[in-house]
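# Fold and contact review
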Amino acid sequence: MFDDSSSAVKMNRYTVSPLKIGLRVDYKGASYKITDHFIEQNAVRQYIIQSMADGGTKRVFRHEICDARVSSVFSNLTEDTIFNFENNEQSQSDEELSQIDEDLTANCINQEPPAKKPRFKELPSKEEIEKLALARTEPRTNQQTLWGVKLLRGWLTENKYSSSFEELDETTLNDRLCYFYASLQTKQGNDYSKSALVGIRSAISRHITGPPYNRDINIITDKSFMPSNHVITGMMKKLKREGKDITVHKKAVAEGDIQKLYSSGIFSTDHPVTLQNKVFWDIMLNFGRRGQEGLADLKKTSYAKSKDDKGQEYYKMTYNECDKTHHGDSKENSRDVRMYAKPGDIHCPVFSLDFYLGKLSPRCTAFFQQALQYPKPTVWYAAQPIGKTN
């Protein structure tokens, strides 16, 4: 009776753990990595490998692949080394061969897994956090804040106080503000307008409640600042009684002046610069509720063309336009402002905008792009926003 117990022992001695998924291997001189394996009768029979070059996959047996690190060792063997190895009288025993196989497998198993891609951005610095907090207000508002704070620091220095007021207790800060408000005047020695006084107080409030101070006080509504607010309210009432509380609005452009602009050629659609002038005029006339604020952020997709229920074409903004108290993020503040076409009019704003969008560079998303000195038939503008240089 044939006893195969010894064979079974030998089989077990050469049974090793499967190669690890993710291991880099060599197959016919090319680099691959193991992505999966097939198991039959509790033993790995075949591996799925993926090319490191083109991503193609193959199904191979264990003897067809080799650990990439082992291949690099054999590639460094010289002819003398191979000759000495082949003519060595003392060949390796089965136990030594088994140990080599086990060492190689252990090396594969202990291979470190590839580093995972971070789920979040790199930890921002304190300065970056402060910049993000400042981004909650418009750039023009930030300039107004700097102006109001500069006035208060100048008054404090002129009156022998420390220019640092951000950490003062509420009582002391209120006292300083009482005298500061009462001392305000323009460089020409005139009284500030009501809107200017309100702006100065708001600027100081934004400064001390924003980063890096973030104080939990309100110099406009808190009871502890009632005396200083009485002062500034009294100044506004005085302006009104003296007839100085007059808001001067800019005059509307006269119809005759508009005709002069068109007849001068400055709004011509035959040249990149004058076409852009025309589009700028139309955009400001129909959508520019806050002057030039936000123009640099406009994109080619900021305006969408539609038709109303009567079939008339018009353009509207694709997002809510900002006003002084809202920032375009509220449906409650949404306005359906439209720029309608004027069929038969050579100055039709919808035609001009259509023509302008068709001449913009496809490699730039900005709405206002720099005009090319030598325009091409289909592209009149460079892939660069106005106001920005390389």
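See the structure shown above.
A few points on the structure. As the structure is a prediction and not an experimental result, all values here were calculated from the model.

Along the chain, Q144 falls in helix α6 (residues 139–158). Q144 gets classed as partly exposed once you look at its relative accessible area, which sits at 33%. The sequence separation of Q144 and G199 amounts to 55 residues, and the corresponding C-alpha distance is 7.5 Å. Setting aside anything within four residues of it in sequence, one finds Q144 in contact with G199, A203 and R206.

Counted by the stated rule, this structure contains 16 aromatic pairs. Ring plane angle 85° and centroid distance 5.7 Å describe the contact between Y27 and Y32, whose orientation is recorded as edge-to-face. Note on Y27: relative accessible area 10%, which makes it buried. The exposure class assigned to Y32 is buried, which follows from its relative accessible area of 8%. An angle of 35° between the planes, with centres 5.6 Å apart, marks the rings of F267 and W281 as tilted. On the criterion of sequence distance, the pair formed by F267 in the loop between α10 (255–263) and α11 (272–287) and W281 in helix α11 is long-range, its members being 14 residues apart. Classification of F267 as buried rests on a relative accessible area of 9%. Through a chain of ring-to-ring contacts, three or more aromatic side chains come together here, namely F280, F287, Y303, Y356, F367, F368 and Y381. Its guanidinium or amino end placed over the ring of F120, R119 lies 4.6 Å from that ring's centre, counting from NZ or CZ.

Moving on, we come to the nonpolar core. Formed by 23 residues in total, the largest nonpolar core has its most connected members in L177 and F180. Elements with a contribution of two residues or more to this core: α6, α7 (170–183), α8 (194–209) and α9 (226–241). Among the elements that make up this core, the one with the highest residue count is α8 (five residues). In this structure L177 touches L152, I204, I219, F225 and S228, once residues within four positions along its chain are discounted. Membership of the second largest hydrophobic core comes to 21 residues, among which are Y303, C348, V350 and F367.

The next subject is the packing of α6 against α7. Remark: α6 packs on α7, axes separated minimally by 11 Å, with the N-to-C direction vectors making an angle of 100°. When the axis of α6 is compared with that of α7, the two are roughly perpendicular. Here L151, L152, W155 and L156 of α6 come into contact with α7, specifically with R176, L177, Y179, F180 and S183. Tallied by class, residues from the contact of α6 with α7 come to seven nonpolar, one polar and one charged.

Rules and cut-offs
Residues numbered from 1 in each chain as written. Predicted model: local features only at pLDDT ≥ 70, side-chain atom pairs only at ≥ 80, totals over all residues. Heavy atoms only, no water. Helix = DSSP H or I, 4+ residues; strand = E, 2+ residues; numbered from the N terminus. Buried < 20%, exposed > 50% of the residue type's maximum accessible area, 1.4 Å probe, protein only. Contact = heavy atoms within 4.5 Å. Phe/Tyr/Trp six-rings, centres within 6.5 Å; stacked < 30°, edge-to-face > 60°. Lys NZ or Arg CZ within 6 Å of the ring centre and 35° of its normal. Core = buried A, V, L, I, M, F, W, Y, C linked by side-chain atoms within 4.5 Å. Axes fitted to C-alpha atoms, helices over the stretch in contact; angles between N-to-C directions. Parallel < 35°, antiparallel > 145°, perpendicular 65-115°, else oblique. Nonpolar A, V, L, I, M, F, W, Y, C, P; charged D, E, K, R; others polar.

In short, the description is geometric, and any link to function would need to be established separately.
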